[in-house]
Every structure is written in C-alpha cells, then in structure tokens.
Amino acid sequence: MARGTKVDIALREECQARLNADRWAEGEFVDHYASRELRPVESVVIDRYRNALSGRVLELGCGAGRLTGHLSEVAREVHGIDLSPAMVAYCQQAYPEATFSVGDLRDLSRFPNGSYDAVVAPFNVLDVLGDAARRAVVDQIHRLLAADGLFILSSHNRCYARRISTTTRLWIRLAVGSPRRPLRSIRNLPGRLRNRRRLRRMEHVQDDYAVLNDQAHDFSVLHYYISRDAQERQLAEHGFGLVECLDLDGRAVLRGETAAHCSELHYIAHR
C-alpha cells in the first residue's frame, strides 16, 4: 500500500473526494438509509448532551434523516445538508419541522460565523474526504460554531482496519458482500471485484491516517481511517478540546486505548 509524495497524495485525495461525491449524489441509497433507528452510542450522545443540542444544530450529511428526526425533538432549530437532492427531498417530506438544503460539506461558507450551537457530522461523513479537505472542513466548523459550541463526529477506526485487513479477511468480505442481502450480494460479486481492482491503487497509508477502499457499497468508495489518539491530536490542532470518545456501545475509549474491536469511534469536542 502506497505512501506517496505530497503531490501524489493530493492527487489521490482529490480523486477520492470526487469519486465519493459522485457516488453519494446518485441518490440510489434513500431506501437504504430511510430509518429512525439509532445505534446505542447515538442514543447515549443525544441523551447526555441534550442541553448542548437544544439550540441551533447543523447536521452535515443528513442522508435520509435517520438522526435528524431525533435531533429535531431536542433542538430549537435543525438544518441538515446533503449532497444528494433525492435525500434532501425525502427529508423535507419526512421531517418538515427541520430545514434541509443540498450542499457539499466542503463548502460551508454560506453559514455565518458563530451561527450554530452544535455541529453534528454523523455516520463517518467526514471520512469521504482526504486529510487536507477533512481538516479544512473542521476549520470551517470551528468558525461557524458559537463560543464553547459542541462538535460531534464519528470516524472509521484505523486500529480496527489493521485487525481486519489481512488478505483472507478481505477476500471473505469481497466474496460474501452483505449477509443481510445474500441474493443481491451474489449478483453483485463481479461489480465488487471490479471496484476493488479499480480502487485499491488509490489507497495510501500515512503516519496518522490511512485512506482505504473498504466494503461499503460493494467496495465502490474510499474512506479515511484514523486512530482515537490521532483524532484527538488533530482536533486540538484545529481549536477543539476532546470531551470524550465513545465506541459503538457508548462506552468510553480512553487515551492510549485502540478499541480495535470497534469499526468506528464517536468523538465529542468543544470549541
């Protein structure tokens, strides 16, 4: 897996952002994400930070509103943005109490300084970007948050990726696809193999993060992976103090712990 020069990394990450944006904008995932089911950690976060989420909330990558409806029950005002017009149209019908707009999370310039009390970036949405673009978005989030505003995000856990990235495990995932949709998985096997051959050359590993072609949507996307401690350092570099990190069950992941059993980690930080 390549490390690459700075120019090579920049080109790879621009391709990553464009490829992922094109995939998500297609709008074919509305039915897949049209649910109100929360993961345990999300229930914990909403309950624990109810006061901080009671004001003006911006949700990045709202999808089909799986989280939005719950945020609307707590917040005075919720604005969700998503790259997919189909997702936004669905949300506007399903959750009329919130405001929605089509938008690229890389450009938050429409939102004034200090205009939100909390920003939520759920379901690893920032991980569709490479390192430079992801950091630039975190800077924009810092700008539009009010003083002591709350930033909630989740991200793919690099320590988990190390555990599952053996050749045998990878081929099992390629062959099996989604166990919940066996017939579809068998039908899509040739597509998964094509996607893997096409995108594996765009993977790269750096000291603090990795960009990997994982099993999401039949290996058709590239995602950013970062460890718990590296994410804490990165947040601090962009003006945020980590309040806590949680695994998918809502248990605290302390500094120095890898949580290698957990595919994603959830971070709560203050501006």
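About the criteria used
Residues numbered from 1 in each chain as written. Predicted model: local features only at pLDDT ≥ 70, side-chain atom pairs only at ≥ 80, totals over all residues. Heavy atoms only, no water. Buried < 20%, exposed > 50% of the residue type's maximum accessible area, 1.4 Å probe, protein only. Helix = DSSP H or I, 4+ residues; strand = E, 2+ residues; numbered from the N terminus. Pairing = 2+ DSSP bridges. Right-handed = clockwise from strand over helix to strand, strands pointing away. Polar contact = N/O pair within 3.5 Å; in protein donor to acceptor, adjacent residues only side chain to side chain. Contact = heavy atoms within 4.5 Å.

1. Focus on the pairing of strand S1 (residues 56–60)
Piece 1. Buried residues dominate S1, accounting for four of its five residues.
Piece 2. Pairing of S1 with strand S2 (residues 77–82) involves five bridges; the strand directions are parallel. Paired with valine 57 across the two strands is valine 78, which belongs to S2.
Piece 3. This β-α-β element, S1 to helix H4 (residues 68–74) to S2, shows right-handed connectivity.
Piece 4. Two strands pair when backbone bridges link them, and S1 and strand S4 (residues 116–121) are joined in this way by three bridges, in the parallel orientation. Residue pairing in the sheet places leucine 58 in a bridge with valine 119 of S4.

2. Quick notes on the side chain of aspartate 247
Piece 1. Inspection of the secondary structure puts aspartate 247 in the loop between strand S9 (241–246) and strand S10 (264–270).
Piece 2. The exposure class of aspartate 247 is buried, given its relative accessible area of 3%.
Piece 3. Of the polar contacts made by the side chain of aspartate 247, one reaches the backbone nitrogen of aspartate 249; its length is 2.9 Å.
Piece 4. When sequence neighbours within four positions are dropped, the list of residues in contact with aspartate 247 reads Val41, Val253, His261, Cys262 and Leu265.

3. A short note on the environment of arginine 56
Piece 1. Checked against the element boundaries, arginine 56 lands in strand S1.
Piece 2. On the basis of relative accessible area, arginine 56 is assigned to the partly exposed category, the value being 21%.
Piece 3. Residues arginine 56 and serine 115 lie 59 residues apart in sequence; the distance between their C-alpha atoms is 7.6 Å.
Piece 4. In contact with arginine 56, not counting residues within four places along its chain, are Arg76, Glu77, Gly114, Ser115, Tyr116, Asp117, Ala118 and Ala146.
Piece 5. A distance of 3.1 Å separates a polar atom in the side chain of arginine 56 from the backbone oxygen of serine 115.

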